[in-house]
Number of protein chains: 2
Amino acid sequence: MARRSAADGASLQRRTIKEVAARAGVSPATVSRVIGGTYPVAAATRARVRRAMRELDYVVNANARALVAATSNTVAFVVNDVTGPFFAHIARGVEEQATAEGRLCLVCTTHGDPDRELALINLMREQRAEAVILVGGVPETPEYQDRMAKLAHALDGSGSRLVLCGRPALNGDVPQTVVEYDNEGGAFAMTSYLLSAGHERIALLGTVDGLPTSTGRIHGYERALRGRGLPVDPGLMVKGPFAREFGYRATRDLLDRKAEFSAIFAMTDMVAAGVLFALREAGVRVPDDVSVVGFDDIPLAEDLFPALTTVHVPHEELGRAAVRMALNRSEHGGGQYLKMGTHIVIRDSVGPARS
Amino acid sequence: MARRSAADGASLQRRTIKEVAARAGVSPATVSRVIGGTYPVAAATRARVRRAMRELDYVVNANARALVAATSNTVAFVVNDVTGPFFAHIARGVEEQATAEGRLCLVCTTHGDPDRELALINLMREQRAEAVILVGGVPETPEYQDRMAKLAHALDGSGSRLVLCGRPALNGDVPQTVVEYDNEGGAFAMTSYLLSAGHERIALLGTVDGLPTSTGRIHGYERALRGRGLPVDPGLMVKGPFAREFGYRATRDLLDRKAEFSAIFAMTDMVAAGVLFALREAGVRVPDDVSVVGFDDIPLAEDLFPALTTVHVPHEELGRAAVRMALNRSEHGGGQYLKMGTHIVIRDSVGPARS
DNA sequence: TTGAAAGCGCTAACAT
DNA sequence: ATGTTAGCGCTTTCAA
């Protein structure tokens with residue numbers, strides 16, 4: 001395999017605008033004008049410059065441009081974990097919209113570490129990223145609001161924009177762009193659907209304290225029950241992480257302690273995957289014996305058995321909107337807050353309650 | 001929501017090294033030394049500079065640094081589609097290794113368009129990305145070798161490195177780093193496993209002409225059959241894209257035309273998902289009536305029903321290795337080619353052939 | 001329409 | 001240990 005030492009500068013043929021200028025017999029300024037294309041240059045001259053660029057295999061130095069322009073045409077995408085179940089679809093939305101707007105896309109992961117999140121945001125300030133998109137919810141610790149508000153101001157001061165995607169707005173007058181979706185409404189609709197199928201004892205698996213995503217879903221669940229005059233049984237609400245493994249364990253527990261329920265509302269599809277596995281293992285049929293629903297509508301959902309009835313979240317659109325709003329805000333000066341709707345997707349995991 | 005017009009330069013407080021220097025009562029060079037940390041600075045001075053930086057909320061301008069350093073500490077990750085089933089795990093490997101080596105990660109998508117791939121590689125040249133990692137296989141058209149060789153040289157000339165990840169090496173003396181995995185061996189092992197379970201009529205679903213990934217897998221399949229003195233029946237090998245939908249259709253066809261087979265080897269797990277769906281729909285039990293296996297070991301595989309026996313590909317390690325090799329090549333001057341092993345993962349979708 | 005020159009923010013000799 | 005100076009490659013006045 002051919003190699004060339006990274007240190008072997010002599011062999012590097014990075015052409016500059018000057019070399020192109022010399023070859024085309026014009027000044028560097030003219031070459032710059034041809035590149036930029038926003039300034040009148042005689043057709044003949046332009047042709048010569050173009051040819052020189054081609055012959056020398058010239059490519060502009062984006063860093064030099066960014067230095068002058070004081071912006072880097074870059075959007076940063078900060079996420080907990082790239083392998084997260086819906087990361088991919090938000091990422092697609094972000095990437096496509098960024099590309100459509102002529103921007104490049106940086107990706108970083110925090111692994112849920114607030115310190116790392118902070119460090120990354122500063123790194124993005126260094127990069128002069130035009131927008132820093134934080135994806136997914138995080139538990140709101142006491143310091144959270146303060147810390148994020150500071151970061152938002154710091155980014156704003158650097159000409160960059162903090163974007164919260166799938167996370168509620170910060171309190172107060174903070175420079176932020178927020179794109180969230182309706183957790184409460186989705187959970188309400190789903191719970192109502194289960195109720196109308198006759199289920200009155202619905203276990204809610206995977207609630208997380210302080211996580212707004214979780215709180216919203218719980219509220220929707222409770223509102224639907226109360227609307228029918230049904231009690232909210234704390235014994236049916238089980239705390240736990242948004243993970244497959246938790247769904248499995250929690251379901252086993254429920255079964256072991258012979259809890260009374262006819263349906264399980266898993267707080268996420270990943271949790272639902274674990275629930276289904278545990279039920280199958282225990283010989284409980286879905287949806288004949290127990291109905292199961294999830295939340296998120298990740299790609300996996302329709303491949304589960306039975307295909308999972310769940311709440312659809314418009315992940316790709318969230319990503320798209322995040323970029324669009326962050327980049328075009330000065331134009332319409334418009335609203336920098338958007339809450340997208342969610343809706344249930346009915347598949348095969350819900351049946352009528354057995355009387 | 002507080003806003004600040006993007007054009008409102010006056011309110012931007014991007015501090016420069018000069019301002020810090022002035023505030024700390026030193027020269028810009030000293031500040032630079034404090035930032036870099038690679039040069040001796042008196043402790044007292046450093047403290048003053050640090051404080052000035054903090055007070056002004058200074059952050060270095062990565063673009064200015066990159067301009068001087070002639071490199072941008074960036075690695076580019078070029079992929080067909082971010083929602084691809086194993087993208088996420090390669091991405092994790094790339095991102096983590098890049099972070100570990102102090103690099104940032106750019107992500108771009110080609111949507112399978114060769115022109116866009118070319119444009120992206122040039123864009124990465126502009127960015128002075130240290131490595132451009134092309135992920136996943138593509139069909140080798142006649143021009144492919146030539147075009148890629150040119151790009152490899154162009155990147156090399158710009159001090160960047162072309163990395164082929166999950167794609168075979170280019171012919172000839174091309175500056176490239178290649179990290180692939182053993183398609184042939186994996187398919188051979190899997191076919192052998194099916195054979196040893198008594199399956200002799202194994203349908204191979206989803207072969208793609210000219211796609212090296214596919215070719216390798218086919219070879220492994222054929223080698224295993226021939227090794228047992230069994231014929232390769234072209235009627236059991238069905239061409240089609242690596243997609244769920246294809247797996248579904250192809251299986252229906254197989255069933256409709258009453259093809260004779262006891263096992264299905266889906267070329268990818270996504271295809272296998274479609275296969276399982278079609279079989280379930282047709283009332284064919286897995287693995288009692290028909291055994292099914294896949295290739296890739298995507299996260300979905302173990303959530304399928306029955307959990308899918310498949311060939312594991314070390315996606316994350318591939319990503320990691322790609323970055324590591326590309327960045328550290330001059331040091332050991334070592335091999336820039338690596339083929340990782342694959343192995344089968346036995347789950348629940350294979351049973352003994354019925355006699 | 002084109003060229004000359006200044007400067008973006010930083011680093012790296014070269015002085016001191 | 002610190003300051004001075006000269007660029008890195010580009011864009012953008014300002015002149016011509």
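None of the values given here were measured: they were computed from a predicted structure.

### Regarding the packing of helix α5 (residues 87-100) of chain A against helix α12 (residues 315-327) of chain A
All names here are of chain A.
Here is step 1: Across the interface, α5 lies against α12 with an axial gap of 6 Å and an inter-helix angle of 35°. For the pair α5 and α12, the sense of crossing is right-handed. Residues His89, Ile90, Arg92, Gly93, Val94, Glu96, Gln97 and Ala98 of α5 lie in contact with α12, whose contacting residues are His315, Glu316, Gly319, Arg320, Val323 and Arg324.
Here is step 2: When its residues are assigned to classes, the contact of α5 with α12 shows 4 nonpolar, 5 polar and 5 charged.

### A look at the pattern of salt bridges
All names here are of chain A.
Here is step 1: Following the criterion strictly, the structure yields 44 salt bridges over all chains and no others.
Here is step 2: One salt bridge in this structure joins Glu55 and Arg51, with 3.3 Å as the shortest N-O distance. With a gap of 4 residues between them, Glu55 and Arg51 both fall in helix α3 (residues 43-56), about one helical turn apart.
Here is step 3: With a relative accessible area of 44%, Arg51 lands in the partly exposed category.
Here is step 4: Here Glu281 makes a salt bridge to Arg252, at a shortest N to O gap of 2.8 Å. Taken together, the positions of Glu281 in helix α11 (residues 269-281) and Arg252 in helix α10 (residues 244-256) put the pair 29 residues apart, joining distant regions of the chain.
Here is step 5: Judged by relative accessible area, which is 35%, Arg252 ranks as partly exposed.

### Quick notes on the protein's contact with DNA strand D
Here is step 1: Looking at DNA strand D, there are 24 residues lining it, with Ile17 and Tyr58 of chain A together with Arg33, Ala42 and Thr45 of chain B nearest.
Here is step 2: For DNA strand D, a phosphate oxygen lies 2.8 Å from a polar atom in the side chain of Arg65 of chain A.
Here is step 3: Put simply, the parts of the chain that give the surface near DNA strand D at least two residues each are α2 (28-36) and α4 (62-69) of chain A together with α2 (28-36) and α4 (62-69) of chain B.
Here is step 4: For the surface near DNA strand D, the element with the highest residue contribution is α4 of chain A, accounting for 4 residues.

### Some points on the layout of surface pockets
Here is step 1: Its boundaries defined by the atoms lining it, the second largest pocket holds a volume of some 940 Å³.
Here is step 2: Together, 50 residues line the second largest pocket, and Leu106 and Gln127 of chain A together with Asn63, Ser72 and Thr74 of chain B are the ones closest to its centre.
Here is step 3: Listed by contribution, the elements that provide at least two residues to the lining of the second largest pocket are α4, α5, β2 (104-109) and α6 (114-126) of chain A together with α4, α5 (87-100), β2 (104-109) and α6 (114-126) of chain B.
Here is step 4: Here the residues of the lining of the second largest pocket sort into 23 nonpolar, 17 polar and 10 charged.

### Observations concerning the UniProt feature "domain: HTH lacI-type" (unreviewed entry) in chain A
Here is step 1: Feature annotation in UniProt assigns "domain: HTH lacI-type" (unreviewed entry) to the following positions: residues 15-69 of chain A.
Here is step 2: The span residues 15-69 of chain A shows a helical share of 71% and a strand share of 0%, and its end C-alpha atoms are spaced 21 Å apart.

### Description of the sheet that holds strand β6 (residues 202-207) of chain B
Sheets are built from strands paired through backbone hydrogen bonds, the pairs being either parallel or antiparallel.
All names here are of chain B.
Here is step 1: Spatially, 4 strands are ordered β7-β6-β8-β9 in an open sheet, and the strand pairing comes out parallel. Strands at the two margins of the open sheet, each flanked by one partner only, are β7 (237-239) and β9 (291-293). Strand-to-strand twist in this sheet, taken as the mean axis angle between neighbours without regard to direction, amounts to 15°.
Here is step 2: Note that β6 and strand β8 (residues 263-266) share 4 bridges and pair parallel.

### What about the confidence of the model for chain A?
Here is step 1: Within chain A, residue pLDDT values average 93, and 95% of them lie at 70 or more.
Here is step 2: Contacts of residues 1-10 of chain A to residues separated by more than four positions or lying in other chains number 21 contacts, the stretch itself having pLDDT below 50.

### Let's talk about the relation of the copies chain A and chain B
Here is step 1: Of the two same-sequence chains, chain A is brought onto chain B (RMSD 0.1 Å, axial shift 0.0 Å) by a rotation of 180°. Expressed as a symmetry operation, the mapping of one chain copy onto the other fits a two-fold axis.
Here is step 2: The fraction of interface residues of chain A whose copies in chain B are also interface residues reaches 100%, indicating that both copies meet through the same surface.

### As for the protein's contact with DNA strand C
Here is step 1: In the neighbourhood of DNA strand C, 24 residues make up the surrounding shell, with Thr30, Arg33 and Thr45 of chain A together with Ile17 and Tyr58 of chain B lying closest.
Here is step 2: One of the side-chain nitrogen or oxygen atoms of Thr30 of chain A is found 2.5 Å away from a phosphate oxygen of DNA strand C.
Here is step 3: Within the side chain of Tyr58 of chain B, an N or O atom sits 2.2 Å from a phosphate oxygen of DNA strand C.
Here is step 4: Mapped onto the surface near DNA strand C, the elements with two or more residues apiece are α2 and α4 of chain A together with α2 and α4 of chain B.
Here is step 5: Broken down by element, the residue count for the surface near DNA strand C peaks at 4 residues, all from α4 of chain B.
Here is step 6: Per-class residue counts for the surface near DNA strand C are 15 nonpolar, 6 polar and 3 charged.

### Quick word on the packing of aromatic side chains
Residues and elements named next belong to chain A.
Here is step 1: Applying the stated criterion to the full structure yields 5 aromatic pairs over all chains.
Here is step 2: Ring centres 5.3 Å apart and planes at 35° place the aromatic pair Phe77 and Phe87 in the tilted group. Highlighted residues: Phe77 in strand β1 (residues 74-79) and Phe87 in helix α5, separated in sequence by 10 residues.
Here is step 3: The class of Phe77 is buried, set by a relative accessible area of 1%.
Here is step 4: When the centroid spacing of 5.8 Å and the interplanar angle of 55° are considered together, the rings of Tyr248 and Phe277 count as tilted.

### Topic: α10 of chain A
Residues and elements named next belong to chain A.
Here is step 1: Spanning 13 residues, α10 covers 19 Å between terminal C-alpha atoms, matching the ideal 18 Å at 1.5 Å per step.
Here is step 2: Those residues of α10 that sit buried are Arg244, Phe246, Gly247, Tyr248, Ala250, Thr251 and Leu254.
Here is step 3: Those residues of α10 that are buried lie in contact with β6 (202-207), β7 (237-239), β8 (263-266) and α11.
Here is step 4: Two residues or fewer after α10 comes Lys258, characterised by a positive phi angle close to 50°.

### Re the interface of chain A and chain B
It is common to give the size of an interface as the accessible area that goes away when the parts come together.
Here is step 1: Counting residues at the interface gives 70 residues for chain A and 70 residues for chain B.
Here is step 2: Across the chain A/chain B interface, buried area totals approximately 6,500 Å², and carbon plus sulfur atoms make up 54% of it.
Here is step 3: Seen at the junction of chain A and chain B, the total is 6 salt bridges.
Here is step 4: Of the charged contacts in the structure, one is a salt bridge between Arg92 of chain A and Asp81 of chain B, with a shortest N-O distance of 2.9 Å.
Here is step 5: Sorting the residues of the side of chain A that touches chain B by element identifies α4, α5, β2, α6, α7 (144-157), β5 (176-181), α11 and α13 (329-332) of chain A as the ones contributing at least two each.
Here is step 6: Top element by residues in the side of chain A that touches chain B is α5 of chain A. It accounts for 8 residues.
Here is step 7: Of the residues contributing to the side of chain A that touches chain B, the split by class is 31 nonpolar, 20 polar and 19 charged.

### Some details on the nonpolar core
Where a protein is soluble and globular, its nonpolar side chains tend to be buried together.
Here is step 1: Phe77, Ile133 and Phe265 of chain A together with Phe77, Ile133 and Phe265 of chain B are the most contacted members of the largest nonpolar core, which has 92 residues in total.
Here is step 2: Beyond its immediate sequence surroundings of up to four residues, Ile133 of chain B is in contact with Val75, Ala76, Phe77, Val78, Val94, Val163, Cys165, Ala322 and Val323 of chain B.

### A word on the sheet that holds β8 of chain A
Residues and elements named next belong to chain A.
Here is step 1: One open sheet holds the 4 strands; their spatial order is β7-β6-β8-β9, and the pairing between them is parallel. Each of the sheet's edge strands pairs with one partner strand only, and the pair in question is β7 and β9 (291-293). If you compare each strand with its neighbour and ignore which way they point, the axes differ by 15° on average.
Here is step 2: The strands touched by helix α8 (residues 183-196) are β6, β8 and β9; relative to β8, the strand with the most contacts, the crossing angle is about 170°.

### Looking at a nonpolar patch on the surface
Here is step 1: On the surface, Leu67 and Val68 of chain A together with Leu67 and Val68 of chain B cluster together into a nonpolar patch covering about 380 Å² of accessible area.
Here is step 2: Turning to its location among the elements, Leu67 of chain A is positioned in helix α4.
Here is step 3: Using a relative accessible area of 33% as the deciding quantity, one classes Leu67 of chain A as partly exposed.

What counts as what
Residues numbered from 1 in each chain as written. Chains lettered and ligands numbered in written order. Predicted model: local features only at pLDDT ≥ 70, side-chain atom pairs only at ≥ 80, totals over all residues. Heavy atoms only, no water. Axes fitted to C-alpha atoms, helices over the stretch in contact; angles between N-to-C directions. Helix = DSSP H or I, 4+ residues; strand = E, 2+ residues; numbered from the N terminus. Left-handed = near helix turned anticlockwise from the far one by under 90°. Contact = heavy atoms within 4.5 Å. Nonpolar A, V, L, I, M, F, W, Y, C, P; charged D, E, K, R; others polar. Salt bridge = Lys/Arg side-chain N within 4 Å of Asp/Glu carboxyl O. Buried < 20%, exposed > 50% of the residue type's maximum accessible area, 1.4 Å probe, protein only. Near = heavy atom within 4 Å. Polar contact = N/O pair within 3.5 Å; in protein donor to acceptor, adjacent residues only side chain to side chain. 1 Å grid on protein atoms, 1.4 Å probe; cavity = no way out; pocket = protein on both sides within 12 Å on 5 of 7 lines; lining within 4 Å. Points joined across faces, edges and corners; volume = space filled by probe spheres on them. UniProt positions renumbered as here; feature names shortened; annotations may be inferred. Pairing = 2+ DSSP bridges. pLDDT = per-residue confidence, 0-100. Least-squares fit on C-alpha atoms with pLDDT ≥ 70 in both. Phe/Tyr/Trp six-rings, centres within 6.5 Å; stacked < 30°, edge-to-face > 60°. Expected span 1.5 Å × (residues − 1). Buried area = accessible area lost by both parts, 1.4 Å probe. Core = buried A, V, L, I, M, F, W, Y, C linked by side-chain atoms within 4.5 Å. Patch = residues over 30% accessible without salt bridge, like charges linked within 9 Å, V, L, I, M, F, W, Y side chains within 5 Å. Areas by Shrake-Rupley, 256 points an atom, 1.4 Å probe, with all protein chains shown as cover.

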